[in-house]
Amino acid sequence: MPLSNAQMRDVQSVLHPYTNLVKFRETGPMIIERGQGVRVYDEHGKDYIEAMAGLWCTALGWGDNELAETAAEQMKKLAFGHLFGGKSHEPAIALAEKLKEIAPFPVGKVFFANSGSEANDTQVKLAWYASNARGLTKKKKILSRTKAYHGVTLASASLTGLANNHRSFDLPFDFARFAECPHYYHGAEPGESEMQFSARMGANLEALILAEGPDTIAAMIAEPVMGAGGVIVPPEGYFDQVVRVLEKHGIPLIDDEVITGFGRTGNWFGATTYGFEPESMSIAKALSSAYLPISAVLLSPELSDIVEQESGRIGTFGHGFTYSGHPVAAAVALKTIEIYQRRDLVGHVRHVAPLFQKRLRALADHPLVGEAVGVGLIGAIELVADKKTKTNFEPAKQAGATFGNFAQDEGLIVRPLLGDRIALCPPLVITEEEIGELFDRLERTLAKSLDWATREKLIAA
Ligand SMILES: Cc1ncc(COP(=O)(O)O)c(C=O)c1O
């Protein structure tokens, strides 16, 4: 199909994230015009179930008037206000208080930023600031994991464990170190149980810490469920092992809840689902249901105190963004949390997640599906060329991207990730009926994909 006028204007002017910009000149963008509930509509009026909640973010779906009205009211009352040098405003204060109230660990103070990347860059700076404040000036390395996703700014991209975020950007910086990705499906040895695999991950983490020197490591950062790296759900006992090893060596845990925060895994936070207490936490995305950009770092009382003391010693806490705690974004985030509580969204997730997981796991029987995993309202399937040997398609065959295109034809938006893993992360407000429709469309997509793979002779006989 020739490109529409809007598509041509786009191709000539917009530099798109995460896009092969050469190929894109031929295909152009899919232009989304509007959204309502769990659906979005393209420029031709075709409807799609948005099974990724955008970028794992619009928990309330599209078209929530209460949020739109809150933004408009706040914009009329105080369109901008900042938190530098002692200024403040009610939306930022009330939001910080609310976050302290709902956090799954004791929180001293809350720092506001605008994106998950900024929150995680802030985490790195806080870890270094705290090490210097304690006189532990060698303690600067941050542990992350292969396939982790923590963002794209210089520090957070350094902690992201994906080659495409490093290649040609001269990253990662030298402070980042990577432990293994705890992917049981591919990483387990024959006959190894999940608990045994987790114990091995724990032992390997400890070996890495000892090789680097515990006195050189300022923190470890981890997503409860690894998102953009492929929706890697932690195997049984994994976080118990991580916490045991970190505690033994006095290394704080930074919990990146940018995707898992606010109900995604069936609890308010992933830390509760996996039973750990971090030293600090990054949140974004569902914090405002993505209606406006806002993120936050929640600091333990001890970390808050040390940051406060160091700012007193050197004269200031020299960090902050113009839009840190922006009043309109803060008011919308506060209203978002009020809506989550009023509608008992976490209760709703618990109610509908069993159906979501049942339909998801049933896909494991399909000839193209190697793994079908998830927790709460997040999950993924992995497309494989050979189920028995767990062999992936050659990347050049673009199996994931092809699946994504077939899905779009069926009126379904999913996200193909590295290794042909197809992510699902629908708005948390999704109903059982809509979950049924989502998986009906997904099953039709799988059938088309199987025809394609058979025609192209890509699958094992
Ligand atoms: C776990 C996690 N951390 C951080 C980020 C970065 O957030 P942002 O894109 O808002 O910078 C993301 C984005 O997907 C994420 O999934």
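Anything mentioned here points back to the structure above.
Undergrad: Just to check I follow, could you spell out the overall build of the chain for this structure?
TA: If you tally the helices and strands in the chain, you get 16 helices and 15 strands. Summarising its shape, the C-alpha atoms of the chain cover approximately 70 × 60 × 45 Å along the three principal directions. Residue pairs at least 24 apart in sequence account for 70% of intrachain contacts in the chain once pairs closer than 6 positions are excluded. Carbon and sulfur atoms make up 54% of the accessible area of the chain, which totals about 20,500 Å². For the chain, the centre of its 46 positive side-chain charges and the centre of its 56 negative side-chain charges are spaced 2 Å apart.

Undergrad: How do you make sense of the packing of aromatic side chains when you look at a structure like this?
TA: Aromatic ring pairs are reported here in terms of the distance separating the ring centres and the angle at which the planes meet. The tally for this structure, following the rule as stated, stands at 14 aromatic pairs. An angle of 45 degrees between the planes, with centres 6.0 Å apart, marks the rings of Phe262 and Tyr340 as tilted. One end of the pair, Phe262, is in the loop between β8 (253-256) and α11 (270-273); the other, Tyr340, is in helix α13 (residues 327-342), and 78 residues separate them in sequence. Take Phe262: its relative accessible area is 2%, and that puts it in the buried class. Looking at Tyr340, the relative accessible area reads 2%, which means it is buried. Ring pairing ties together the aromatic residues Phe111, Tyr129, Phe317 and Phe321, which thus form one cluster. The ring of Tyr41 carries the charged tip of Arg34 above its face, separated from the ring centre by 4.0 Å.

Undergrad: Got a minute to help me understand the side chain of His326 in this structure?
TA: Structurally, His326 is set in the loop between α12 (301-314) and α13. Beyond its immediate stretch of four places on either side in the chain, His326 contacts Ala79, Phe80 and His89.

Undergrad: Just to check I follow, could you spell out the site of the ligand for this structure?
TA: Looking at the ligand, the residues that line it are Ser115, Gly116, Ser117, Asn120, Tyr149, His150, Gly151, Glu223, Asp256, Val258, Ile259 and Lys285. Within the backbone of Tyr149, one N or O atom sits 3.4 Å away from a nitrogen atom of the ligand. Between Asp256 and the ligand, the recorded distance is 2.7 Å, taken from a side-chain N or O atom to a nitrogen atom. Here the ligand, which alone exposes 380 Å², has 83% of that area covered by the protein. Broken down by element, the residue count for the shell around the ligand peaks at three residues, all from helix α6 (residues 116-133). For the shell around the ligand, the per-class residue count stands at three nonpolar, six polar and three charged.

Undergrad: Please explain unusual backbone geometry as it appears in this structure.
TA: Peptide bonds are, in most cases, trans, and in most cases residues other than glycine have a negative phi. Of note, the bond from Leu171 into Pro172 is cis; its omega dihedral lies within 30 degrees of zero at 5 degrees. By the secondary structure assignment, Pro172 is in the loop between α7 (154-159) and β6 (176-179). Backbone geometry places Phe262, a non-glycine residue, at a positive phi of 70 degrees.

What counts and how
Residues numbered from 1 in each chain as written. Predicted model: local features only at pLDDT ≥ 70, side-chain atom pairs only at ≥ 80, totals over all residues. Heavy atoms only, no water. Helix = DSSP H or I, 4+ residues; strand = E, 2+ residues; numbered from the N terminus. Contact = heavy atoms within 4.5 Å. Areas by Shrake-Rupley, 256 points an atom, 1.4 Å probe, with all protein chains shown as cover. Lys, Arg positive; Asp, Glu negative; His and termini not counted. Charge placed at Lys NZ, Arg CZ, Asp CG, Glu CD. Phe/Tyr/Trp six-rings, centres within 6.5 Å; stacked < 30°, edge-to-face > 60°. Buried < 20%, exposed > 50% of the residue type's maximum accessible area, 1.4 Å probe, protein only. Lys NZ or Arg CZ within 6 Å of the ring centre and 35° of its normal. Near = heavy atom within 4 Å. Polar contact = N/O pair within 3.5 Å; in protein donor to acceptor, adjacent residues only side chain to side chain. Nonpolar A, V, L, I, M, F, W, Y, C, P; charged D, E, K, R; others polar.

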